Amino acid sequence: MFGYYLNLALRSFRRNKVLTALMVLAIALGIGACMTTLTVFRVLSGDPMPGKSGQLFYVQLDPATMQGYNPGEEPSEQVTRYDAEALLREKRGDRQAMMTGGGVSVTPGEAGIAPFLSDSRYTSADFFPMFEVPFLQGRGWTAKEDEAHARVAVISKALNERLFGGGNSVGRTLRLDQDDFTIVGVIDEWRPTPRFYDMNSDRYGELEEVFLPFTTSRDLKMGRSGSMDCWGDSGGDATSATAPCVWIQYWVELGSAEKHSAYLNYLTNYSDQQRAAGRYERPTNVRLRNVMEWLDYNRVVPSDVVMQLWLGFGFLLVCLLNTVGLLLAKFLRRSSEIGVRRALGASRMEIFKQCLVEAGTVGLAGGILGLGLSLLGLWAVRQQPSSYAELAHLDVGMLFTTFALAIVASLFAGLLPAWRAMQVTPALQLKSQ
Amino acid sequence: MEIRPILSTLLRHKTAATLIVLEIALTCAIICNALFMIGERITQVNEVSGIAEDELVRVQLTAIGNDDNAEAQTRSDLASLRGLPGVTAATVLNQVPFVNSSWNSGVRLSQEQTQSTLNATTYMAEDQFVETLGLKLVAGRDFEPDEYLEFETVNGTPGSFSIPATIITRVMAEKLFPGEDPIGKTFYSWGEEPIRVVGVVEHLVRPSMQGGPAQREYTMVFPLRPTYNLGGNYVIRTSPERRQEVLEAAVDLLRKNGPNRIILDENTKTFEQLRSEFYQQPRSMAWLLAIVCIGLLLITALGIVGLASFWVQQRTKQIGVRRALGATKGQILRYFQTENFLLATIGIVLGMLLAYGINQLLMGKYELPRLPLYYLPIGALALWLLGQIAVFGPARRAAAVPPAIATRSV
């Protein structure tokens, strides 16, 4: 029967070309708008550390003075260097790392290539195993090297290609600012999206090109970047070990819920001790959020993108209402035909099925056209200058979602018209013939 | 025109009528909100920065490592830049408008105050600051030569230091000292000492959108000469047609004047380009919203055409009877127009309630401002017009039905 209904549907399309084209176009536009915005939203709101994001936690303390204090407010978004170094020394998590972003001048060894500026990250040894950073060559540095303020560097695959043509560069020398570093590792293709570990820089940007031990970077007074919030006199150097400034991101890995609550206790105690020692003034106010909570708190998905998603769904809804109306018109226009079928013995259910097959076929056609429109929409998104633009691609899952959405939506739109069509009474229609 | 018969016909086609009403309502609601968001973005894109944008270029550079000689180097760079042909003024800045990197500080009116009155951005100025940016002083004066301090020196000295003077924007002055003459007034921000307002400029925006539109011009200028490696912004003023030439000459000169630095080519451009890139996001969002609005109107119009045609076809015999009983073509035409007007009106009333609801939702979730009421009549008018245009074709076809139809199948 299905084949026959499909045949009938195609015949009906041929009879009402304009009306059918309108319905297909409406569904296609709705699906196109919806899938474009949904794909962008999905890319931007994804989990950057699948499988591990629930075990990585961002530490927040409240070290500022009472100046500007509002009870109930969130603590500082970053920690002081003093606190980060103290927590790092005490090593209470499974793994932990302090970090900040920056920029370094890279002077290539070969003559003829002009020096250039690279984004850098100053961090501690656990960064690499904690975030499961994939290595193309070599490894990260060790905690010993952190303590020794070693002149070692890990570089990205992109920088390795730019400087060494992609060859094995472990052990080679790299001139950064005015000092020489030894390369110990090259990171393979890795782009956590969003770049969750630092919310100050471009949240959907590419990986930094140079990674250096934090200790070394401070010895050499390398350029830092990102937000810094100070509340007292830092004596001229806001990055000194005791400056009253928050500018460090601190991450800790905790393998279980018990460890999480134990660490939260530890932070509370640490905060109390600091206040007892006169360093902190505010009441204890600590936070320990996992990756997804931290991204949520930072509203990492741009509000324009969320708005576009709503707009896409609203558009689809209008298109569907439109399709319901047109299908209704189309089916009822054929009342006499339906009357004949009913009189010849077709049950109401069969009429209902026939109508749904027709609606579903419109949906399939709309889905195919809609897929084309989504690809066009995503292409347009990729032409935008924002850093996430290049990530906007349709994957296989979304491809199937497009068709599923189109068919489900059109079947849904067909329900009411099909219901009305099957109510057609055979006698009345035959009489008026 | 008699409305009763129209209503009773509509009541017999409840489903189709409801569908059209719902579609109009939803379209109206989305369009009101979208138009409002477009309006907001247009305001943003067209905002006044206060600087002579079409005469300015920016060169950004960075030292390789630390430069112990930055003060002297900066002085030498500036002297050479000012000597370039076509250059009317040049200065060095810690931050520039239209770049998302900024210095911000809380501002208090008294030393004891625990909550800041507002948070303002801080431009550090060198001698030609006002002249280069083309700022318009509306009260007070520019800094005196003896008021300038070297930022490096001030920053390197632990303990208290005092900033001898400040220039602020009119918006900030009105917020701090409403209804009063701000000249000579003081506030607290950097350090422990009060800072005295000596001048007020008409406009000067913050570099970034921090604080949203309301805080766009909370801007203060301190007479602290920055060095070139503090942000690395050389800003040069020239005539609009010589910008490219001056930009190239400046880059050349800076390369030769101190070899141990990197010119950041991708950030070295005219302010016109910086501005255009800065507003790229709101601009494309406005376009997108506009396209969605047009799409929605089109879909809704097609829906109205579709259903109206169906009705006309269904009622052909009725129309024939009416015509045979003496109704004119005009009356038939107006019948369908009135019917559409009624449906559109119900849709619009629902749509306005929905528009308001959507706006409330967005206000709660995305800190959007309240939808101004004047967007509602705009949306209503658009949909009334749309309905009338869409129904005109089918209505004309209805009017063309000959009275003879009434007799045909009887």
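About the criteria used
- Residues numbered from 1 in each chain as written.
- Chains lettered and ligands numbered in written order.
- Predicted model: local features only at pLDDT ≥ 70, side-chain atom pairs only at ≥ 80, totals over all residues.
- Heavy atoms only, no water.
- UniProt positions renumbered as here; feature names shortened; annotations may be inferred.
- Helix = DSSP H or I, 4+ residues; strand = E, 2+ residues; numbered from the N terminus.
- Phe/Tyr/Trp six-rings, centres within 6.5 Å; stacked < 30°, edge-to-face > 60°.
- Buried < 20%, exposed > 50% of the residue type's maximum accessible area, 1.4 Å probe, protein only.
- Contact = heavy atoms within 4.5 Å.
- Buried area = accessible area lost by both parts, 1.4 Å probe.
- Salt bridge = Lys/Arg side-chain N within 4 Å of Asp/Glu carboxyl O.
- Polar contact = N/O pair within 3.5 Å; in protein donor to acceptor, adjacent residues only side chain to side chain.
- Nonpolar A, V, L, I, M, F, W, Y, C, P; charged D, E, K, R; others polar.
- Domains from an automatic or database assignment.
- Core = buried A, V, L, I, M, F, W, Y, C linked by side-chain atoms within 4.5 Å.
- Disulfide = S-S within 2.5 Å.

1. Let's talk about the UniProt feature "transmembrane region" (unreviewed entry) in chain A
Residue and element names in this part refer to chain A. Taking the UniProt record as the reference, the feature "transmembrane region" (unreviewed entry) is found at residues 21-44, 309-332, 356-379 and 399-419. Spanning residues 21-44, this segment combines 100% helix with 0% strand, and its end C-alpha atoms are found 34 Å apart. Helix makes up 100% of residues 309-332 and strand 0%, and the two end C-alpha atoms of the span are 35 Å apart.

2. A closer look at the packing of aromatic side chains
For any pair of aromatic rings, the description consists of the separation of the ring centres together with the inter-plane angle of the planes. All names here are of chain A. By the definition in use, this model includes 32 aromatic pairs over all chains. Ring centres 5.4 Å apart and planes at 85° place the aromatic pair Phe196 and Trp251 in the edge-to-face group. Separated by 55 residues along the polypeptide, Phe196 in the loop between strand S8 (179-187) and strand S9 (210-213) and Trp251 in strand S12 (residues 245-253) bring together distant segments of the chain. What makes Phe196 buried here is its relative accessible area of 0%. Its relative accessible area of 0% is what places Trp251 among the buried residues.

3. Topic: the UniProt feature "transmembrane region" (unreviewed entry) in chain B
All names here are of chain B. Per the UniProt record, "transmembrane region" (unreviewed entry) is found at residues 20-39, 285-312, 341-362 and 374-393. For residues 20-39, the end-to-end C-alpha separation is 28 Å, with 100% helix and 0% strand making up the annotated structure. Each end of residues 341-362 is marked by a C-alpha atom, and these two atoms are 30 Å apart; helix forms 100% of the span and strand 0%.

4. Side note on the interface of chain B and chain A
Tallying the contact residues gives 48 residues for chain B and 47 residues for chain A. The largest share of the area that chain B buries against chain A comes from Leu19(B), Ile299(B) and Tyr366(B), three residues that together contribute 15% of it. For the pair chain B and chain A, the interface holds 1 salt bridge. With its nearest N and O atoms 2.7 Å apart, the salt bridge here joins Arg41(B) to Asp304(A). Applying the counting rule to chain B against chain A returns 14 residue pairs in polar contact (both at pLDDT 80 or more). Listed by contribution, the elements that provide at least two residues to the side of chain B that touches chain A are helix H2 (14-45), strand S1 (56-63), helix H9 (280-314) and helix H11 (329-366) of chain B. Residues belonging to the side of chain B that touches chain A are distributed by class as follows: 23 nonpolar, 20 polar and 5 charged.

5. Considerations on the domain arrangement of chain A
Residue and element names in this part refer to chain A. Taken domain by domain, chain A comprises domain 1 (1-47 + 302-422) and domain 2 (62-285). The gap between the C-alpha centroids of domain 1 and domain 2 is 49 Å. Facing the 9 residues of domain 1 at the interface are 7 residues of domain 2. For the pairing of domain 1 and domain 2, the buried interface totals around 590 Å² over both sides, and the portion due to carbon and sulfur atoms is 48%. Interface area lost by domain 1 to domain 2 is led by Leu44, Ser387 and Leu391, which between them contribute 59%. On the surface where domain 1 and domain 2 come into contact, there are 1 salt bridge. Between Glu390 and Arg191 there is a salt bridge whose closest N-O contact spans 2.7 Å. At the boundary of domain 1 and domain 2, one finds 4 residue pairs in polar contact (both at pLDDT 80 or more). Classifying every residue of the side of domain 1 that touches domain 2 by side-chain character gives 5 nonpolar, 2 polar and 2 charged.

6. Considering the UniProt feature "domain: ABC3 transporter permease C-terminal" (unreviewed entry) in chain A
The residues that UniProt annotates with the feature "domain: ABC3 transporter permease C-terminal" (unreviewed entry) are residues 312-425 of chain A. Along residues 312-425 of chain A, the helical share is 82% and the strand share 0%, with 40 Å between the first and last C-alpha atoms.

7. Some points on the environment of Leu264(A)
Residues and elements named next belong to chain A. With respect to the element layout, Leu264 can be found in helix H8 (residues 257-276). Judged by its relative accessible area of 28%, Leu264 falls in the partly exposed class. A C-alpha to C-alpha distance of 34 Å links Leu264 and Asp188, two positions 76 residues apart in sequence. The contacts of Leu264, once residues within four sequence positions are left out, are Val286 and Leu288.

8. Here we look at the nonpolar core
Phe127(A), Phe131(A), Trp190(A), Tyr197(A) and Trp251(A) are the most contacted members of the largest nonpolar core, which has 119 residues in total. Counting residues per element, this core draws most heavily on H2(B), which supplies 16 residues. Dropping the residues within four chain positions of it, Phe131(A) is found in contact with Met49(A), Leu56(A), Met99(A), Trp190(A), Phe196(A), Tyr197(A) and Trp251(A). By size, the runner-up hydrophobic cluster in this structure holds 43 residues, among which are Val210(A), Tyr266(A), Leu267(A) and Tyr280(A).

9. Observations concerning the state of the cysteines
Taken as a whole, this structure holds 1 disulfide over all chains when the rule is applied. Disulfide pairing places Cys230(A) opposite Cys245(A) at an S-S distance of 2.1 Å. Taking the sign of the S-S torsion, about 105° here, the bridge from Cys230(A) to Cys245(A) comes out right-handed. With Cys230(A) in strand S11 (residues 229-230) and Cys245(A) in strand S12, this pair connects stretches of sequence that are 15 residues apart. Cys230(A) sits in the partly exposed class, given a relative accessible area of 35%. Cysteine Cys319(A) remains unbridged, with the sulfur of Cys34(A) as its closest cysteine sulfur at 9.5 Å. Exposure remark for Cys319(A): the relative accessible area of 1% places this residue in the buried category. In this model Cys28(B) remains outside any disulfide bridge; the closest cysteine sulfur is found in Cys32(B), 4.3 Å from its own.

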